[in-house]
Amino acid sequence: MHPKAWVMWLLAAVVPAFTVRNPLYLILVLGAAWVVYLTLGRTTVGASWGSFVKVGLFFLAVSLVFNMISTHVGQHVLFRLPAAWPIVGGAITLEAAVAGLVNGLALLTILIVFATFNAGVDHYQLLRSIPAFLFQVGVVLSIAVTFVPHMVWSAQEIRQVQRIRGHRFRGVRDLLPLVLPLLANSLERAVQLAEAMEARGFGSVADSVPRRRVLGLQIGLVGALLAVLGGLSILSFFSGDGWWGWAMVVGGAIGALMILGAWGRLSRRTNYRRVPWTWRDTAVVATSAGALAAVVLAQLARVEALTYNPFSPHGLWPAFDARLGMALLGLALPALRGLTGPQGEEPSTGPAVGSGFGHWPSPPDGGGSGTTEDIA
Amino acid sequence: MQRVLNSVILAIASLIGLGAFLYPFLVPQQSPQFSAAAHAQDAPLIFLLLVALCLAAVLSSFSAGLLNAKLIAVLGILTALNAVLRGVPGPGGFNLIFLLPIVCGYAYGSTFGFLLGVFSLAVSAFIGFGVGPWLPYQMFSVGWVGLLSGWLPSLAGRPRAEAWMLAGWGFVLGLVFGALMNLWFWPYVFHPGQSEMFWQPGLGLGESLKRYAVFYVATSFWWDLLRAAGNFMLLLVLAAPLLRLLRRFQQRFYFAVLSS
Amino acid sequence: MIQFERLSYRYPGNQEPVLRDLSFQIEEGEFLLVMGPSGAGKSTLLRSLNGLVPHFYGGTISGRVRVADRDPVAIGPKGMADTVGLVFQDPEAQFVVDKVEDEVAFAMENLGLDPVVMRKRVEEVLDQLGIAHLRHRSVNQLSGGERQRVAIAAALTLQPRVLVLDEPTSQLDPQAAEEVLDALVKLNQDLGLTIVLSEHRLERVVQYVDRILYLPGNGQPPILDEPRTVLGQIDLVPPLVRLAKALDWHPLPLTIKEGRQFVRSVRGCETLLSGSPLPGLARSGLAVIQVHELGFSYNGRPALQNVCLKVRQGEFVALMGRNGSGKTTLLKQMVGLLKPDRGLVRLLDPDSRRSLDTRQATVDEIIRFVGYVPQNPNMLLFNDTVRQELDFTRRAHGLPPGRYEPLLRSLGLTAYLDHYPRDLSVGERQRVALASILAAEPCILLLDEPTRGLDYHQKRALADFLQGQKAGGHTIIMATHDVELVAECADRVVLLADGQVVVDGPARQVMSESLVFASQINKLFRRRELLTVDDVLRSPPVVEGACNGS
């Protein structure tokens, strides 16, 4: 799948995860993300999936416990703690536990959505398709990502070498013989890299952007951001004038986005071979946009089913609107086979690169390419 | 002129970012037409999107003309180094993520420190830590660490005083960073209920702060104290030699062309 | 194509100009070799071709440079990118993007070329350099030679008129260097590309280059002429030329093939050449290192298999073999950094006669008498002065600061005692790293590839120093690709392949029986008595004057 389609999917999945507190919808989103993850078959940043799920479960537990022991409201009393205990004393209720679980579930859903995105998107391609106005940022990140494996290897090597020089790594002070050569090597390397970049014409197109255009765009950005800031201040400090505040925030944000877009068009830099956009990407973007639109419309229409209050007298079971549920189900579309599966026909991810940045330095030495003795 | 505008953009974006962190203290009692519960829940998402937008604005503004090949190469490589240092478990469970932004911000100026902080977090997300909802917040806050470090008074020539100053600074930052990063999920662990640790819109600054203090001490304060102490130790020992090294290389990165 | 008129350049902060009044001309399609001792300004000269000097480094420049009728001083490196392609020494410090194909296209993206044009040119250069099969690989997965070819491809996509390479093979092993140089020769011959190359390994390139530009340094005037003429005037030459000059062969042979004709033409020489009896391996003496059926693997990938080796006190052993054959791994086993999976490594402290098994011994016990010099001195050096560097090692060993004059004098470093090690040249850094290990006075010395980036003089000096150490009773084990260095000083060669010992024997015997690991002189005579120039010059027929050229 194209990285931009993934970004759209992320947005569509994350908005309900953030804004909806109805556990049924949350479970729907979480389930959709989980199914997509299960069908991926390959992971670029596999390591982060586990840690994200763990963090999410941790939040779930924290939320459950804290809500239970500190919210003493509700009709279904599970047990009581002595009232003399500060904060935790009082009735421990089922309602409080459910409230805690739902809050935790919202966080867990957000994390699972992000974890699925991480596992699914090709981080290298994501970096390559950074918008034009951020291309220099893209170059910095690209350099960094390219050098990380060597840096890790180099850190291990320095540690070993200083160790056999007699140095013992025991306390903080002993980090010096590791950190200093690492930093010095990095700085020396940076000078060489800068030379190599200039020799290959880096900066020649960026330099030709007229200064006055840039100044104009910057002034526009200042205005747009000021509008956002003003809107937020109105919303925070003056109650009652809500509409104005929102209008300024939204208007400022849209203005800023448009200015950034114009900025990107100033750059005459070109891109070698972007990832091809296929009908599958279009399908994912369409269903994601549908889900997103449904959630936003429901929010604007203040559909009751979006909120959930376990303490309400109507009972613990949440309301459910099937139309919204169907729209959210569309988030599972990338799970359909053939949409994200191994992209054999796309040259951008051949078997050798399958894992964007997955090739961490294998321990030195060994067959064929001979890492140890090559890396000077 | 361009530099001035850069600073203005960074200042406004930082204010918005700060608002994103501190909104739980600021949100007033909502007017009746905005159902408090509904929009209080939207706030995290809205701020997340706004923070991401601000970052994009600041970065694209900085990169126009200000970033030459040297700066980009140095930033790229030091970012890689910092991302690797983040993965090195330091003594006591804290990590080294602040070390370079503080020292480089102090030695090479606040712009450099800010960018290094921002990029470090982005890269570590790319190389295995994963993109999470907290990423824009982390990027901003570590960026601020570098930015503010550039504003410290220069004590060049007095290495001991420098080391103590940076160490104390690292300690303070360790605590502030922890308190800030917990804020983003604090409103999450709430239900418009009656608890004394939990956030509720419209509490007013004093009451919100009090509740947050209870929440913070109950959750991650001790962890953050450990991190702050780690920062202190690390900077006390490493700041002076690192600064010597960075200053040695400074002239290789900035110079004037004197062709005749 | 390239014109220099009275060019002088001084780095910022330096008193003396590094280039002084340089005037010469290079024709289109020429293959030019730039050579000279370290510090003579080779890199500076090359960088002035695309404007990195003075735009990147600052400093003061005077005179005139023209490359393809363009003025790099006025235009600057970014503007010259489509006229001059530049490839640097370190294959790792040039990459911006992780994937080969995108890396190759980077320069074209910078200049905003049309994507259709980019596709076409990427295909062309990938084919020209023979790296099309690597296109989807990460640059981190490539070998050194592949990396340099990718860097050359990346420089060629803008279709420059001149390709400039600054010691592109000095960080590579011989096979990889060969790959790179072959690619260059092909580019020059097939495409008529003008190539300017600086290079230490003359023996590989002299036969291909059209002319040599020799920069003597120290403000002396440069020499630009045909290879034979230039090599006849200077003493920084490969062994074959050194011998030919000593024996007065004319015209100077540049290749082994040309040299053989002299050997043949001098009647009787071949039969007369019978040197002294071969020294065998030391059969007595303490066995200070015993490796017994050693097996080791990294994450299931075998690196060493069933290695058996016994090194006696005072021996000088060369570990040779391809990249990835396990040389470094074996050295790391000997110093206890890696522990055997199978078998054992036993070390004997020659002073206390204590025997250590590396599986139980701590690193601290081992390094009391074993020193290990890594191949990259930058991994080691971090202190503010050379003196502190040596003090650090001694302190880590629990020794008081010592007097370093004799050690530094024998390494030619006396003048640098209070210098910042990273301000020194590659060769000097290498020696500082060596000194900082020797400061702890180990009696067994393990060296990993000590001659990378050194010129002939520096290599000779290193060889002399190591001989001195050996004479002082030290045991030396050196992993190296450098055949000439081994010919100069090793007693014994251990050849590793695929983690196994293939050959283990006296240096002369192993080297003369091998095609790959034979020295130039040995290839010339194909006799085991003759490995180095000195061997030939000391042999009876030469001493008697029977072998002098026509």
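Trainee: Honestly, the pairing of strand β5 (residues 84-87) of chain C in this entry has me stumped. Any pointers?
Mentor: Moving residue by residue along a regular strand, the side chains alternate between the two faces of the sheet. Residues and elements named next belong to chain C. Residues of β5 alternate between two faces, with Val84 and Leu86 on one and Gly85 and Val87 on the opposite face, all of them buried. Where β5 and strand β6 (residues 162-166) come together, 4 bridges link them in parallel fashion. By the bridge assignment, Gly85 is partnered in β6 with Leu163.

Trainee: Honestly, the packing of aromatic side chains in this entry has me stumped. Any pointers?
Mentor: The way to describe two aromatic rings as a pair is by their centre distance and the angle between their planes. In the structure shown here, the tally under the stated rule is 24 aromatic pairs over all chains. Centroid distance Tyr108(B) to Phe112(B): 5.2 Å. Interplanar angle 90°. Geometry classified as edge-to-face. Members of the aromatic cluster, connected to one another through ring pairs, are Phe21(B), Phe62(B), Phe114(B), Tyr137(B), Phe140(B) and Trp144(B). Over the ring of Tyr420(C) we find Arg248(B); its NZ or CZ atom is 3.5 Å from the centre of that ring.

Trainee: Whenever I open this one, helix α6 (residues 135-151) of chain B confuses me. Can you help?
Mentor: The periodicity of an α-helix, 3.6 residues per turn, causes residues three or four positions apart to be oriented the same way. Helix length check: α6(B), at 17 residues, gives a terminal C-alpha distance of 25 Å against a target of 24 Å (1.5 Å per residue), a fit within 8%. Of all the 17 residues making up α6(B), 14 are buried; the element is thus mostly covered by neighbouring parts of the structure.

Trainee: Looking at this model, I keep getting lost on the pattern of salt bridges. Mind explaining?
Mentor: Charged atoms that come close allow side chains of opposite charge to pair. Scanning all chains against the criterion turns up 45 salt bridges over all chains. For the salt bridge of Arg200(A) with Glu103(C), the shortest nitrogen-to-oxygen distance reads 2.5 Å. Note that Arg200(A) is positioned in the loop between α7 (176-199) and α8 (211-237) and Glu103(C) in helix α4 (residues 100-110), a pairing that runs across two chains. Owing to a relative accessible area of 0%, Glu103(C) belongs among the buried residues under this scheme. Here Arg204(C) and Glu178(C) are joined by a salt bridge, their closest N and O atoms 2.9 Å apart. Within this pair, whereas Arg204(C) is found in helix α8 (residues 202-205), its partner Glu178(C) is found in helix α7 (residues 174-191), the two being separated by 26 residues in sequence. On the accessibility criterion, Glu178(C) (40% relative accessible area) is partly exposed. Residues participating in the shared-partner salt-bridge network are Arg128(A), Arg269(A), Asp102(C) and Glu109(C).

Trainee: What am I meant to see in the domain arrangement of chain C here?
Mentor: Interfaces are often sized by the accessible area lost when the parts come together. Residue and element names in this part refer to chain C. Taken as a whole, chain C is organised into domain 1 (2-194) and domain 2 (287-534). For domain 1 and domain 2, the distance between their C-alpha centroids amounts to 34 Å. Domain 1 puts 7 residues into the contact, and the matching count from domain 2 is 7 residues. Of the roughly 690 Å² buried between domain 1 and domain 2, counting both surfaces, carbon and sulfur atoms make up 44%. There are 0 salt bridges connecting domain 1 and domain 2. The interface formed by domain 1 and domain 2 holds 3 residue pairs in polar contact (both at pLDDT 80 or more) in total. When the residues that make up the side of domain 1 that touches domain 2 are grouped by side-chain class, the tally is 2 nonpolar, 4 polar and 1 charged.

Trainee: Quick question: what am I supposed to make of the sheet that holds strand β4 (residues 60-67) of chain C here?
Mentor: The pairing of strands in a sheet happens through backbone hydrogen bonds and is either parallel or antiparallel. Residue and element names in this part refer to chain C. Read from one edge to the other, the open sheet built from 3 strands follows the order β2-β1-β4, with strand pairing classed as antiparallel. Of all strands in the sheet, those bounded by a partner on one side alone are β2 (19-26) and β4. Looking at each pair of strands side by side, their axes are set apart by 15° on average, direction ignored. The pairing of strand β1 (residues 2-10) with β2 spans 5 bridges and is classified as antiparallel. From the neighbouring strand, Phe4 faces β2, where its bridge partner is Phe24.

Trainee: How do you make sense of the interface of chain C and chain A when you look at a structure like this?
Mentor: Every contact between the two is made by 86 residues of chain C and, on the other side, 74 residues of chain A. Taken over both partners, the interface formed by chain C and chain A buries close to 7100 Å², and the fraction arising from carbon and sulfur atoms is 52%. In this structure, the salt-bridge partner of Glu195(A) is Arg47(C), at a minimum N-O distance of 2.4 Å. Linking chain C to chain A there are 33 residue pairs in polar contact (both at pLDDT 80 or more). Element by element, the count of residues in the side of chain C that touches chain A is highest for α4(C), at 9 residues. Here the residues of the side of chain C that touches chain A are counted per class, giving 38 nonpolar, 24 polar and 24 charged.

Trainee: What is the right way to read the interface of chain A and chain B from this model?
Mentor: Contacts between the two partners involve 97 residues from chain A, matched on the other side by 90 residues from chain B. Around 8600 Å² of area is buried between chain A and chain B when both sides are counted, 82% of it from carbon and sulfur atoms. There are 0 salt bridges connecting chain A and chain B. Our enumeration of links across chain A and chain B arrives at 3 residue pairs in polar contact (both at pLDDT 80 or more). Elements represented by at least two residues in the side of chain A that touches chain B include exactly α1 (3-19), α3 (46-70), α4 (94-120), α5 (123-128), α6 (135-164), α7, α8 and α9 (242-266) of chain A. Looking at the side of chain A that touches chain B, the element that brings in the most residues is α7(A), giving 16 residues. Grouping the constituent residues of the side of chain A that touches chain B by class yields 72 nonpolar, 18 polar and 7 charged.

Definitions and limits used
Residues numbered from 1 in each chain as written. Chains lettered and ligands numbered in written order. Predicted model: local features only at pLDDT ≥ 70, side-chain atom pairs only at ≥ 80, totals over all residues. Heavy atoms only, no water. Buried < 20%, exposed > 50% of the residue type's maximum accessible area, 1.4 Å probe, protein only. Helix = DSSP H or I, 4+ residues; strand = E, 2+ residues; numbered from the N terminus. Pairing = 2+ DSSP bridges. Phe/Tyr/Trp six-rings, centres within 6.5 Å; stacked < 30°, edge-to-face > 60°. Lys NZ or Arg CZ within 6 Å of the ring centre and 35° of its normal. Expected span 1.5 Å × (residues − 1). Salt bridge = Lys/Arg side-chain N within 4 Å of Asp/Glu carboxyl O. Domains from an automatic or database assignment. Contact = heavy atoms within 4.5 Å. Buried area = accessible area lost by both parts, 1.4 Å probe. Polar contact = N/O pair within 3.5 Å; in protein donor to acceptor, adjacent residues only side chain to side chain. Nonpolar A, V, L, I, M, F, W, Y, C, P; charged D, E, K, R; others polar. Axes fitted to C-alpha atoms, helices over the stretch in contact; angles between N-to-C directions.

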